[in-house]
Amino acid sequence: MKNHIAIINASILFILLVGCMGPTTERMKPDDAAVAIEAEKQREIALQESLNSHTRLTRVGWPILKAGLPFCKDRKTRAIIGITYANKHNFDGEYRDAAISKFGLGDALKVTSVVEHSPAHDGGIQKGDLLLSVNNKDVPIGEKASKSFYVLLKKETEDNYQLSFKVKRNGVNEIINVTTVETCDYPLNIVKGDAVNAYADGNQIVFFQGMMDFAKTDNELALVIGHELAHNSMRHIDARRINAIGGFLVDLLFAALGANTQGLFTKMAGQAYSQEFESEADYVGLYINELAGYEIMDAAYFWRRMGVKHPGSIDKNHAASHPSSPERFVAIDDTIEEINQKKSTGEELMPNMNREAFEERDPPPSIDL
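The following refers to the structure shown. Predicted model only: the values in this text are computed from it and were never measured. (Residues numbered from 1 in each chain as written. Predicted model: local features only at pLDDT ≥ 70, side-chain atom pairs only at ≥ 80, totals over all residues. Heavy atoms only, no water.)

## Here we look at the state of the cysteines
Summed over the entire model, instances satisfying the criterion amount to 1 disulfide. In this model Cys-72 forms its disulfide with Cys-184; the gap between the sulfur atoms is 2.1 Å. Its S-S torsion of approximately 90° makes the covalent link between Cys-72 and Cys-184 right-handed. Here Cys-72 is found in helix H3 (residues 69-72), whereas its partner Cys-184 is found in strand E8 (residues 181-184), with 112 residues between them in sequence. Both residues of the pair, Cys-72 and Cys-184, belong to the buried class. (Disulfide = S-S within 2.5 Å. Helix = DSSP H or I, 4+ residues; strand = E, 2+ residues; numbered from the N terminus. Buried < 20%, exposed > 50% of the residue type's maximum accessible area, 1.4 Å probe, protein only.)

Set out below in structure tokens:
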């Protein structure tokens, strides 16, 4: 009982103290209408920044997905044209109002960016075009238009290298023919979050907004795209899943004996060769970046910056999923020297590997754990 009384008294004292403290200046109360206008402006800026990030990722990534084709050809490729598109339903809540007022988006899909020197650019598609049809098939409109059009476009490019688009530009319908280009089929996506991170999952490449902000130049952003593309094209994700099976069986064995390992052995087996996979992704990714025409001379400095951002990565740790940043720095410098040596002698710019074994790989089995 005494404890309860003490707690009540302390709570009352705290409330009285807080109630006695506060600002001493006399400030003007913000006008509600002005606050609403400012909120709308900030939503428009946030929306523009989001579109800018997606446009930048598409622009930087397109030549990398194209240059990586020799590594993806046995498995996941598709023909692309080099545009981004959206309608008002791609944005939620009050951001939808900003998309309508700021960018004129409605139910129909509108081209939001065109990659320079892409098939769409060369064919004549322009930013702001409304997409009406492709190969005489109506472009979907409404709530799920973007997803449905992606499926439609992918199907059309499987059967045709020549696409005929009907677009509306300045109120006039136009027919534009586009010749597609084959690339690796790993869509580039951005998710919200300040984490300086990106990942590949075997089907796509995902960037956190924090990584988009951290990669200051296009060359730096290209390094990350090339690295993640190498993870997918070299089948590291498939290898990790297969490796995890052995650990999963051990977990099952312990479970049969009455011990709950909480998936410990599955996790340990799945992380086998993790550092080696990361090093290989650095190695292959640099070759892809060089083939895509990006400058790689300062690549090691990017990982030095990452080391500063994550000081824990500086020291060597055998249990870590990634090599230490100093190891990456030295290995990347060695790879750049190797690439420059091959360029000087006219040797083919391909990583050192068993090419026949690589090209004769069977498609990996479908495994879900």
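## Some remarks on the pairing of strand E11 (residues 205-208)
Sheet topology note: the strand E9 (residues 188-191)/E11 ladder contains 4 bridges and is parallel. Across the sheet, Val-191 pairs through a bridge with Phe-208, a residue of E11. In the sheet, strand E10 (residues 198-200) pairs with E11 via 3 bridges, with the strands oriented antiparallel. Paired with Ala-198 across the bridge in E11 is Phe-207. If you look at the hairpin formed by E10 and E11, you'll find 4 residues sitting between the two strands, and Gly-202 has a positive phi there, around 90°. (Pairing = 2+ DSSP bridges.)

## Looking at helix H8 (residues 218-233)
In a regular helix each residue adds 1.5 Å, so 16 residues correspond to 22 Å; H8 covers 22 Å between its end C-alpha atoms and thus fits that length. In terms of residue burial, H8 counts as a mostly covered element, since 14 of its 16 residues are buried. Looking one or two residues past H8, Arg-235 carries a phi angle of roughly 65°, positive in sign. (Expected span 1.5 Å × (residues − 1).)

## Brief notes about the nonpolar core
Buried together is how nonpolar side chains tend to be arranged in soluble globular proteins. Counting residues in hydrophobic clusters, the biggest one holds 47 residues, and the most contacted among them are Phe-207, Met-211, Leu-229 and Phe-302. A per-element tally of this core places H8 first, with 7 residues. Ignoring any residue separated from it by four or fewer positions in sequence, one finds Met-211 in contact with Ala-195, Val-196, Asn-197, Ala-198, Val-224, Phe-302 and Met-306. By size, the runner-up hydrophobic cluster in this structure holds 19 residues, among which are Ile-81, Val-139, Leu-153 and Val-167. (Core = buried A, V, L, I, M, F, W, Y, C linked by side-chain atoms within 4.5 Å. Contact = heavy atoms within 4.5 Å.)

## Looking at unusual backbone geometry
Positive phi, close to 70°, is recorded for His-117, a residue that is not glycine. Relative to the elements of secondary structure, His-117 occurs in the loop between strand E3 (110-114) and helix H5 (119-123). Its identity is not glycine, yet Asn-170 carries a phi of approximately 55°, on the positive side. Tracing the backbone through its elements, the reader meets Asn-170 in the loop between strand E6 (162-169) and strand E7 (172-179). By relative accessible area, which is 78% here, Asn-170 ends up exposed.

## A few points about the environment of Val-167
Mapped onto the elements of the fold, Val-167 is located in strand E6. Spatially, the C-alpha atom of Val-167 lies 8.3 Å from that of Ile-125, the residues being 42 residues apart in sequence. Not counting chain neighbours up to four residues away, the residues in contact with Val-167 comprise Asp-129, Leu-130, Leu-131, Leu-132, Val-172, Asn-173, Glu-174 and Ile-176.

## Topic: the pattern of salt bridges
Counted under the stated rule, the structure contains 14 salt bridges. The partner of Glu-40 in a salt bridge is Arg-43, and the shortest N-O contact between them spans 3.5 Å. Separated by 3 residues within a single helix, Glu-40 and Arg-43 lie in helix H2 (residues 32-67), roughly one turn from each other. Overall, Glu-40 belongs to the partly exposed group, its relative accessible area being 22%. The class for Arg-43 is buried, based on a relative accessible area of 16%. Linking Glu-338 and Lys-342 is a salt bridge whose minimum nitrogen-to-oxygen distance equals 3.8 Å. Taken together, the residues Glu-338 and Lys-342, both in helix H13 (residues 325-345) and 4 residues apart, mark about one turn of the helix. The class of Lys-342 is buried, set by a relative accessible area of 5%. (Salt bridge = Lys/Arg side-chain N within 4 Å of Asp/Glu carboxyl O.)

Scope: geometric values only; no functional claims are made or implied.
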